[in-house]
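Chain residues, written in single-letter form:
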Number of protein chains: 2
Amino acid sequence: MNGDSFIKYMARQSRSNNSTRAAVADKREAILRAAITVFARNGYFNSKVSDIAGEAGIADGTVYLYFKSKEEVLHSVFDRLMEEMISEGEKELEGIIDADKRLRRIAQLHLEKLGSDRNLAIVAQVELRGSTKFMEEFSAAGFGQYLDIIRQTFIEGQKQGVFRQDLNATVCAKIFYGALDEMVTNWILSKKSYALAPMADTVMEVFFGGVLKK
Amino acid sequence: MNGDSFIKYMARQSRSNNSTRAAVADKREAILRAAITVFARNGYFNSKVSDIAGEAGIADGTVYLYFKSKEEVLHSVFDRLMEEMISEGEKELEGIIDADKRLRRIAQLHLEKLGSDRNLAIVAQVELRGSTKFMEEFSAAGFGQYLDIIRQTFIEGQKQGVFRQDLNATVCAKIFYGALDEMVTNWILSKKSYALAPMADTVMEVFFGGVLKK
DNA sequence: CTAAAATGAATGGCGATTCATTCATTAAAT
DNA sequence: ATTTAATGAATGAATCGCCATTCATTTTAG
């Protein structure tokens, strides 16, 4: 009748396969994925909880069995993203000693991560900045931590003697992050479809060598 | 009784002093200023029209005599800002020939403009990005134009032989803009109060020369 | 059969927008 | 000059639709 039936049927099927704990995690996961899709499409404030539920193939009320409020859903999206970016980053960087190589790897990972999920990128770029309230919470938490990793890496590079010592590490970290961030923003806005990750090379080229002819 | 009387009295006074046209412009202006203050404090979606009216010292309904809707108020804020940045920029750049000097001046103007009005900067950085809808409208209009001026300047620099010719002008323009943008974002989020404009120097230093030790 | 999970209709509050009314100002009439 | 009428800007209480959240009922699982 209303077209939901197939989705709902599949949801029941998959639930019945799993242990309770796994099923709970799955459903949370499904709601988060649905939320990312819906938020990316309409923005947080224009998205209805019923949209998220519909996208996830569940009833409106079910969302509230897994999240306290609509706002908590958005929070959870960010929490998980920052957690993933930082932990995946740490693992990837483990073996790399040279600060310049580390920075290059961070740039690649950053663009790979967001370039691999356009909806997630939209939510991250758009909604995270969508309210100063959220920004303040995040600049104090995940985002500040992320920027700090870049800053520390830069300072390391200065100690290693590969980076100019006359430059302020904090500002350089912001320039580095800002450049990457702009690549992502333009990528999500662009009508053309192109790969995001390769742009890391040009960013590093400029960040390391500058644009002036020698 | 309700504390409005003085403000309302002044409003009436000022109306009676001016020609109708000037009075209309003034009131529009007052509403826009109030909106910038309120949007900066609460974000667009959390701001009520009655908040804006209250901040402007007028009745709720009066807002609708000057703007079709709440959304149009936000739009007008952006329209005016982009218009100002581009026209002021063009005027300032008139006498400057060298592309590197032009870019430096653009960076200074950008940070001076937003650094001189924190509330405006908050609305520009946060709300403009706060919905894909707005972003799309603006990347097609004012913002795209702004980025293009930077790109053209870069290409000019390549022709003049001051910038490396092996770099993609579009990407370099984005890096340049992204770096500036990040300075502004961090500035509005920071609890510390510092001057934004001087950071243009460090940005140019890195953008021109890179961070690697020669 | 019992407990847990899911449902979705109903609720309640909020806030953008409207519009009947007020009132200062200006124009017209005497 | 004084009174009267017309104007339209401004008001703010009332409206109306929307949507987050709740909860009585139903379905599923063990």
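Residues numbered from 1 in each chain as written. Chains lettered and ligands numbered in written order. Predicted model: local features only at pLDDT ≥ 70, side-chain atom pairs only at ≥ 80, totals over all residues.

K.L.:
Teacher, can you tell me more about the overall build of chain A here?
P.N.:
The secondary structure content of chain A amounts to 11 helices and zero strands. Listing each helix as α and each strand as β along chain A from the N terminus yields α-α-α-α-α-α-α-α-α-α-α. Taking all 214 residues of chain A together, 38% fall into the buried category. (Helix = DSSP H or I, 4+ residues; strand = E, 2+ residues; numbered from the N terminus. Buried ≥ 20, exposed ≤ 12 C-beta atoms within 10 Å, placed from the backbone.)

K.L.:
Looking at this structure, how should I read the relation of the copies chain A and chain B?
P.N.:
Here two copies of a chain appear, and what relates them is a rotation about an axis with a shift along it. Screw-axis analysis of chain A against chain B gives a translation of 0.0 Å along the axis, an RMSD of 0.1 Å, and a rotation angle of 180°. The symmetry that links the two subunits is that of a two-fold axis. When you check the interface residues of chain A against chain B, 100% turn up at the interface there too, and the contact is symmetric in its surfaces. (Least-squares fit on C-alpha atoms with pLDDT ≥ 70 in both. Contact = placed C-beta atoms within 7 Å.)

K.L.:
In this structure, what is going on with the packing of helix α6 (residues 99-115) of chain B against helix α9 (residues 142-160) of chain B? I would like to understand it.
P.N.:
To describe two helices that pack against each other, one gives the angle between their axes and the distance between the axes. All names here are of chain B. Taken N-terminus to C-terminus, the directions of α6 and α9 make an angle of 155°; their axes are 8 Å apart at the nearest point. With respect to α9, the axis of α6 lies roughly antiparallel. Between α6 and α9 lies a crossing whose hand is left-handed. Within the contact between the two elements, α6 uses Ala-99, Asp-100, Arg-102, Leu-103 and Ile-106 and α9 uses Ile-150, Thr-153, Glu-156, Gly-157 and Gln-160. (Axes fitted to C-alpha atoms, helices over the stretch in contact; angles between N-to-C directions. Parallel < 35°, antiparallel > 145°, perpendicular 65-115°, else oblique. Left-handed = near helix turned anticlockwise from the far one by under 90°.)

K.L.:
Quick question: what am I supposed to make of helix α7 (residues 118-127) of chain B here?
P.N.:
Along an α-helix, residues three or four apart share an orientation, since each turn contains 3.6 residues. Most of α7(B) sits inside the fold, with eight of its 10 residues counted as buried. Within α7(B), the full set of buried residues consists of B:Leu120, B:Ala121, B:Ile122, B:Val123, B:Ala124, B:Gln125, B:Val126 and B:Glu127.

K.L.:
Mind showing me how you'd approach the packing of α6(B) against helix α11 (residues 199-209) of chain B here?
P.N.:
Residues and elements named next belong to chain B. Direction vectors running N to C along α6 and α11 enclose 145°, while the axes themselves pass 9 Å from each other. You can see that α6 and α11 cross each other, and the crossing is right-handed. On α11, the residues that touch Asp-100, Arg-104, Ala-107, Gln-108 and Leu-111 of α6 are Met-199, Ala-200, Val-203, Met-204 and Phe-208. Here the contact of α6 with α11 is built from residues that sort into seven nonpolar, one polar and two charged. (Nonpolar A, V, L, I, M, F, W, Y, C, P; charged D, E, K, R; others polar.)

K.L.:
Looking at this structure, I do not really get the environment of A:Leu93. What am I missing?
P.N.:
All names here are of chain A. With respect to the secondary-structure elements, Leu-93 resides in helix α5 (residues 70-93). Along the primary structure Leu-93 and Phe-176 are separated by 83 residues, whereas in three dimensions their C-alpha atoms are 17 Å apart. Not counting chain neighbours up to four residues away, the residues in contact with Leu-93 comprise Arg-102 and Arg-105.

K.L.:
Would you take a moment to explain the interface of chain A and chain B for this structure?
P.N.:
Much of the literature gives interface size as the accessible area that the parts lose upon coming together. Contacts between the two partners involve 42 residues from chain A, matched on the other side by 42 residues from chain B. The biggest single contributor to the side of chain A that touches chain B is helix α10 (residues 169-189) of chain A, with 12 residues. Split by residue class, the side of chain A that touches chain B holds 21 nonpolar, 12 polar and nine charged.

K.L.:
What is the right way to look at the domain arrangement of chain A in this model?
P.N.:
Residues and elements named next belong to chain A. Looking at chain A, the domain boundaries give domain 1 (5-67) and domain 2 (74-209). Listed as interface residues are nine residues of domain 1 and, on the opposing side, 11 residues of domain 2. Within the side of domain 1 that touches domain 2, the residues separate by chemical class into seven nonpolar, two polar and no charged. (Domains from an automatic or database assignment.)

K.L.:
Just to check I follow, could you spell out the confidence of the model for chain A for this structure?
P.N.:
Caution applies to low-pLDDT regions: their predicted coordinates should not be interpreted in detail. All names here are of chain A. Taken over all residues, the pLDDT of chain A has a mean of 88, while the share at 70 or more is 85%. Overall, residues 1-18 carries pLDDT values under 50, and its contacts beyond four positions in sequence, including any with other chains, amount to nine contacts. Overall fold confidence (pTM) sits at 0.88, and the ipTM for the predicted complex is 0.86. (pLDDT = per-residue confidence, 0-100.)

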